[in-house]
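Residue-level structure breakdown
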Amino acid sequence: MHFKARAKAALADAGLQRGLAKVDGFAARRAVAMRELDDVEGLRTAAAAIRDRAIEDLDVWIETFEREATRRGATVLFAETGEEVAALVVGICRRHGLKKAIKSKSMLSEEARLNAMLAAAGVQPVETDLGEYICQLADEPPSHIIAPVIHKTRADIAELFERKHGRPRLAEAAEMTREAREMLRAHFLSADLGISGGNFLIAETGSVALVTNEGNGRMVTTLPRVHVAITGIEKVVPTLEDFSTLMRLLPRSATGQSISNYVTMATGTRGALDQDGPEHMYFILVDNGRTNLVGSDMQEMLRCIRCGACMNHCPVYQSVGGHAYGWVYPGPMGAVLTPAFMGVENALDLPQASTFCGACASVCPVRIPLPDLLRKLRERQVERGLRPWYETLGLRVWGWTARHPRLYALATALGVRALRMLGNRDGMIGSMPFASGWTRSRFMPAPASGRTFRALYAARTKR
């Protein structure tokens, strides 16, 4: 609800701007990694088809997953809302007498505000992904779905560790990483509950697939006696072959890696001959607005595999960071998901938080047409009367004028002459009436001839 205010504050935050400069690295590494593939566009088309196949028969694949997971000893639960997710996890903790939860990165747990609910129930939640751990120490939400703490500089983290750990301040990233590992080791060994997200659910095997770079996901899913995997219902894919196809794109799109350091397939509970693994395993499959998108003009958004490529290439995200978007999902994906899940009336600015440059759609590994979806959300706002009166009035005046060609020609002729008069000696417009917010930080070329495109085209045709 407050994107504009947060964005303004973010633009003025020098430390944040230094942190956001790191986003370009993801885009550069993605470009290199994609060149390793023989047919990138064909692979993107295949990946989109896999996701569409799963979503169009979502009930079938969810039922298949439930049957196979149950057959392998897991318990499958369903939650309609984030509140139900938290209630189910708290119930599991009470049933098994659990007191400490170690967590691998899970955006769904952010949707459910799970950490706060666990703490209120007397269960200590500990984030073990390094970025999420830093966010937890700082009492901040993640600002990026792949790199949760990208908004912080090394100096910020050094100061935070010194204050929270009570140890001498360190300067090097490797030293700080080792310190975090030392602080987390005791939690890994003493936790009785492991909570993970899930990059994909494999229907044919009843497995959850986790893609990580730090190894904490393996610890979370094998050391505690109870493992709870929380993920959206749309994450299901039919087969392991489908999963392998998507994995050719996910790490390359996310971090520019050919393959992540760890790809974990968690299937069922510990067997009689297994040396590790949980005694009890629960899957919590979450709706939280997702089924409302099935069959709607927003269904294509359910293809999303949460790689973060759209935000890594978005000029708006790169300027204001993730916290400006106000909820769990930032960037172009968040500008669609938040209004779609929470109601467009609760996220009025997000469909407007785009330049429509199309970079997000061009890099999406599953071909989600993000600009088209944002345009549909804008149309929905106009249809429901949710845009400011002056914007609606301006569009109506423009529409009426455009339906009267002679009047339109006169108005544009006057407009282009006025714009030419606003130009400085270099032919650039530095200040424009009714557009001061746009021209405050950029110049616009003034029309060189003072003639409209229609007039120039007509003159060229005559020649």
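Scroll up to find the structure.
Model, not experiment: these values are computed from the prediction. Every chain is numbered independently, its residues counted from 1 as its sequence is written. At least 70 in pLDDT is required for a residue's local features to be given in this predicted model, at least 80 for side-chain atom pairs to be given and counted, and no such filter applies to totals for whole chains, interfaces and linings, which use all residues. As a rule here, side-chain values come from all non-hydrogen atoms in the structure, and water together with hydrogens is ignored.

Aromatic rings from Phe, Tyr and Trp, with only the six-membered ring used for Trp, were paired whenever their centres fell within 6.5 Å, and each pair was classed as stacked if the ring planes differed by under 30 degrees, edge-to-face if by over 60, and tilted otherwise. Under the defined criterion, the tally for this structure stands at eight aromatic pairs. Geometrically, the ring pair formed by Trp-327 and Tyr-329 is edge-to-face, given 5.8 Å between the ring centres and 75° between the ring planes. Three exposure classes are used, based on accessible area relative to the maximum for each residue type with a 1.4 Å probe and protein chains only: buried under 20%, partly exposed in between, and exposed over 50%. Taking the relative accessible area as the measure of exposure, Trp-327 reaches 23% and is therefore partly exposed. With relative accessibility at 1%, the residue Tyr-329 sits in the buried group. Site record: aromatic cluster; members linked through ring pairs are Phe-3, Tyr-317 and Tyr-325. Charge over a ring is defined by NZ of Lys or CZ of Arg lying within 6 Å of the ring centre and within 35 degrees of the ring normal. The ring of Tyr-329 has Arg-306 lying over it, and the distance from NZ or CZ to the ring centre is 4.9 Å.

A few words now on the environment of Gly-25. Mapped onto the elements of the fold, Gly-25 is located in helix 3 (residues 23–34). When its relative accessible area of 23% is taken as the criterion, Gly-25 is described as partly exposed. Runs of H or I in DSSP of at least four residues are treated as helices and runs of E of at least two as strands, each being numbered from the N terminus.

What follows covers the environment of Arg-403. Position of Arg-403 among the secondary structure elements: in the loop between helix 20 (389–402) and helix 21 (405–422). Judged by relative accessible area, which is 60%, Arg-403 ranks as exposed. Once the C-alpha coordinates of Arg-403 and Asn-288 are considered, the two residues, 115 residues apart in sequence, prove to be 43 Å apart.

For the rest of this paragraph, the subject is the sheet that holds strand 2 (residues 100–103). Note: two strands are recorded as paired if DSSP finds a minimum of 2 bridges between them. Across the sheet, which stays open at both edges, the six strands sit in the order 1-10-7-4-2-3 with parallel pairing between neighbours. The open sheet has two edge strands, strand 1 (75–79) and strand 3 (124–127), and neither has a second partner. Within the sheet, the average angular offset between the axes of one strand and its neighbour, ignoring direction, is 20°. The pairing of strand 2 with strand 3 spans four bridges and is classified as parallel. Residue pairing in the sheet places Lys-103 in a bridge with Glu-127 of strand 3. Only C-alpha atoms enter the line fits that serve as axes; for helices the fit covers just the stretch in contact. Angles between N-to-C directions range over 0 to 180 degrees.

For the rest of this paragraph, the subject is the pattern of salt bridges. Think of a salt bridge as a Lys or Arg side-chain nitrogen and an Asp or Glu carboxyl oxygen that are within 4 Å of each other. Following the criterion strictly, the structure yields 23 salt bridges and no others. A salt bridge links Glu-36 to Arg-252; its shortest N-O distance comes to 2.9 Å. In this pair, Glu-36 is assigned in the loop between helix 3 and helix 4 (40–56) and Arg-252 in helix 14 (residues 250–255), connecting sequence segments 216 residues apart. With relative accessibility at 44%, the residue Glu-36 sits in the partly exposed group. The structure contains a network of salt bridges with shared partners spanning Arg-67, Glu-68, Arg-71 and Arg-72.

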